[in-house]
Amino acid sequence: MRYSLLSALLLSAVAQVAVAHDGVVHKSQDEAARHAAETAPLPPLAAPTALPFDLGGAFELIDHTGTPRTEADPDGQLQLLFFGYANCPSICAVAMPLMGQVADTLAKQNIAVRPVMITVDPARDTVENMGPALKKLHPDFVGLTGDAAALDHVYGLFSVESKKVFDDPEYGAVYAHGSHIYLLDGQGKVLTLIPPILSSERVADIVANYVTPRS
């Protein structure tokens, strides 16, 4: 009897430990496990490696101020490049604000990064209207457009496909298009691809890893 009572007390204590940690009391062990997974530190980043395939190259487009712009940043800054459109209601609405947040995070580390969008909807993303829309996301956001031949050339360089899916009554034409963020160096070389599902802190760590590579 004493043994059974002691076992029950021990099991109860273990259960309490499982559902109470980090100063938070959880209703169940499942909830505790989910919280532990969400708050667990991310593994350290490995040293940067070259991409196993070719992406990017030389191009010339027009930015939202009407100025010609190539793949190289005029100030030699790193670039976070995304292919989308300024009023996109889907993945752009996640990726492009994320790019602005990353730029702000890295600025605090004295790492300059320029968020850049190349449009897949040049009919709406004109020189006249891209700037105000992108400035709402970040003051340094650059929008790029061009004629059909110039844009098709860039899409090919970055293996980007876009296709009109349907017309939304609020947003107009909705496109399916590439979803990765490309990290470019100041000369326009593609360093890596970043999925926009990561947190801004994790993306900032990835970018910083290319500025100060780990040994």
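Note: the structure precedes this text.
Parameters and conventions
- Residue numbering note: each chain is counted from 1, following its sequence as written.
- Restriction of local features to residues with pLDDT of at least 70 applies here, the model being predicted, together with a cutoff of 80 or more for giving and counting side-chain atom pairs; totals for whole chains, interfaces and linings are based on all residues.
- Based on all heavy atoms of the structure, the side-chain values leave hydrogens and waters out of the count.
- For this analysis, a ring pair means two rings from Phe, Tyr or Trp (six-membered ring only for Trp) whose centres lie within 6.5 Å, classed as stacked if their planes differ by under 30 degrees, edge-to-face if by over 60, and tilted for the remaining angles.
- Only DSSP runs of H or I reaching four residues or more are called helices, and only runs of E reaching two or more are called strands; each is numbered from the N terminus.
- Relative accessibility decides the category of a residue: with a 1.4 Å probe and only protein chains considered, values under 20% of the type maximum give buried, values over 50% give exposed, and everything between is partly exposed.
- Only heavy atoms matter for contacts: two residues are in contact if any of them lie within 4.5 Å across the pair.
- Any pair of N or O atoms that falls within 3.5 Å is considered a polar contact. Within protein, one atom must be able to donate a hydrogen and the other to accept it, and sequence-neighbouring residues count only if both atoms are side-chain atoms.
- In this scheme, a helix's expected span is set at 1.5 Å multiplied by one less than its residue total.
- In this description, strands pair whenever DSSP reports at least two bridges between them.
- Every angle, taken between N-to-C directions, lies between 0 and 180 degrees, and every axis is a line fitted to C-alpha atoms, over only the stretch in contact when it is a helix.
- Picture the helix axis, draw a direction to every C-beta atom, and the arc is the one those directions span.
- Points on a 1 Å grid over protein atoms alone make up a cavity when a 1.4 Å probe fits among them but cannot get out, and a pocket when they form an open set with protein on both sides within 12 Å along at least five of seven lines; lining residues each have an atom within 4 Å of a point.
- Grid points are joined across faces, edges and corners, and a volume is the space filled by probe spheres set on the points.
- Gly counts as polar in this scheme, as do all residues outside two lists: the nonpolar Ala, Val, Leu, Ile, Met, Phe, Trp, Tyr, Cys and Pro, and the charged Asp, Glu, Lys and Arg.
- Working definition of a nonpolar core: buried Ala, Val, Leu, Ile, Met, Phe, Trp, Tyr and Cys residues. They are joined through side-chain atoms within 4.5 Å.

A word on the packing of aromatic side chains. Using the criterion set out here, one finds five aromatic pairs in the structure. An angle of 70° between the planes, with centres 6.4 Å apart, marks the rings of Phe 59 and Phe 158 as edge-to-face. Placement of Phe 59 in the loop between helix H2 (29-39) and strand E3 (60-63) and of Phe 158 in the loop between helix H5 (148-157) and strand E8 (163-168) is noted, with a sequence separation of 99 residues between them. Accessibility expressed as a relative area gives 1% for Phe 158, which makes it buried. When the centroid spacing of 5.8 Å and the interplanar angle of 80° are considered together, the rings of Phe 83 and Tyr 182 count as edge-to-face. With Phe 83 in strand E5 (residues 78-84) and Tyr 182 in strand E10 (residues 181-184), the pair connects residues that are 99 residues apart, well separated along the chain. Here Phe 83 and Tyr 182 have matching classes, each one buried. Taken together, the ring pairs connect Phe 59, Phe 83, Tyr 155, Phe 158 and Tyr 182 into an aromatic cluster.

Before going further, it helps to spend a moment on the environment of Asp 63. Structurally, Asp 63 can be placed in strand E3. Along the sequence, Asp 63 and Ile 118 sit 55 residues apart, while their C-alpha atoms lie 9.0 Å from each other. The contact partners of Asp 63, leaving out residues within four places of it in the chain, are Arg 69, Val 127, Val 142, Gly 143 and Leu 144. At 2.6 Å, the side chain of Asp 63 and the side chain of Thr 65 are in polar contact.

On to helix H6 (residues 200-211), then. Between its terminal C-alpha atoms H6 stretches 17 Å, which fits the 16 Å expected from 12 residues at 1.5 Å a residue. Buried within H6 are the following residues: Ser 200, Arg 202, Val 203, Ala 204, Ile 206, Val 207, Ala 208 and Asn 209.

Spatial strand order, E4-E3-E7-E6-E5-E10-E11: seven strands in an open sheet with mixed pairing. The open sheet terminates on both sides in strands that have one partner only, identified here as strand E4 (68-70) and strand E11 (190-194). Ignoring strand direction, the axes of neighbouring strands in this sheet form an average angle of 35°. On the sheet, helix H4 (residues 127-135) packs against E3, strand E6 (113-119) and strand E7 (142-145) and is oriented at approximately 155° with respect to E7. In the packing of H6 onto the sheet, contacts are made with E5, E6, E10 and E11, and the angle to E11 comes to roughly 165°.

Our focus in this paragraph is H5. Along H5, the positions that sit buried rather than exposed are Leu 151, Val 154 and Tyr 155. When H5 is viewed along its axis, its buried side chains cluster within an angular range of 100° and face the same direction. Opposite the packed face of H5, turned more than 90 degrees from it, sit the exposed residues Ala 149, Asp 152 and Gly 156. If you follow the buried residues of H5, they end up packed against E3, E5, E6 and E7. Just beyond H5, the residue with positive phi is Ser 159, at close to 55°.

Scanning the model with the defined rule gives one cavity of 30 Å³ or more in all. Put simply, the largest cavity is a space of about 30 Å³. As for the largest cavity, its lining consists of Phe 59, Thr 70, Glu 71, Gln 79, Leu 81, Val 116, Leu 144 and Leu 184. Looking at the lining of the largest cavity, its residues break down into five nonpolar, two polar and one charged.

Within the secondary structure layout, Gly 131 lies in helix H4. The sequence separation of Gly 131 and Leu 144 amounts to 13 residues, and the corresponding C-alpha distance is 9.7 Å.

The next thing to look at is the nonpolar core. The biggest cluster of nonpolar side chains holds 24 residues, and the ones touching the most others in it are Leu 80, Val 102, Leu 106, Ile 181, Ile 194 and Val 207. Looking at this core, the elements that each hand over two or more residues are E5, helix H3 (92-107), E6, H4, E10, E11 and H6. Here this core takes six residues from H3, the largest share from any one element. The residues contacting Leu 106, other than those within four sequence positions of it, are Ile 111, Val 113, Ala 204, Val 207 and Ala 208. Phe 59, Tyr 85, Leu 144 and Tyr 182 belong to the second largest nonpolar core, which has 19 residues in total.

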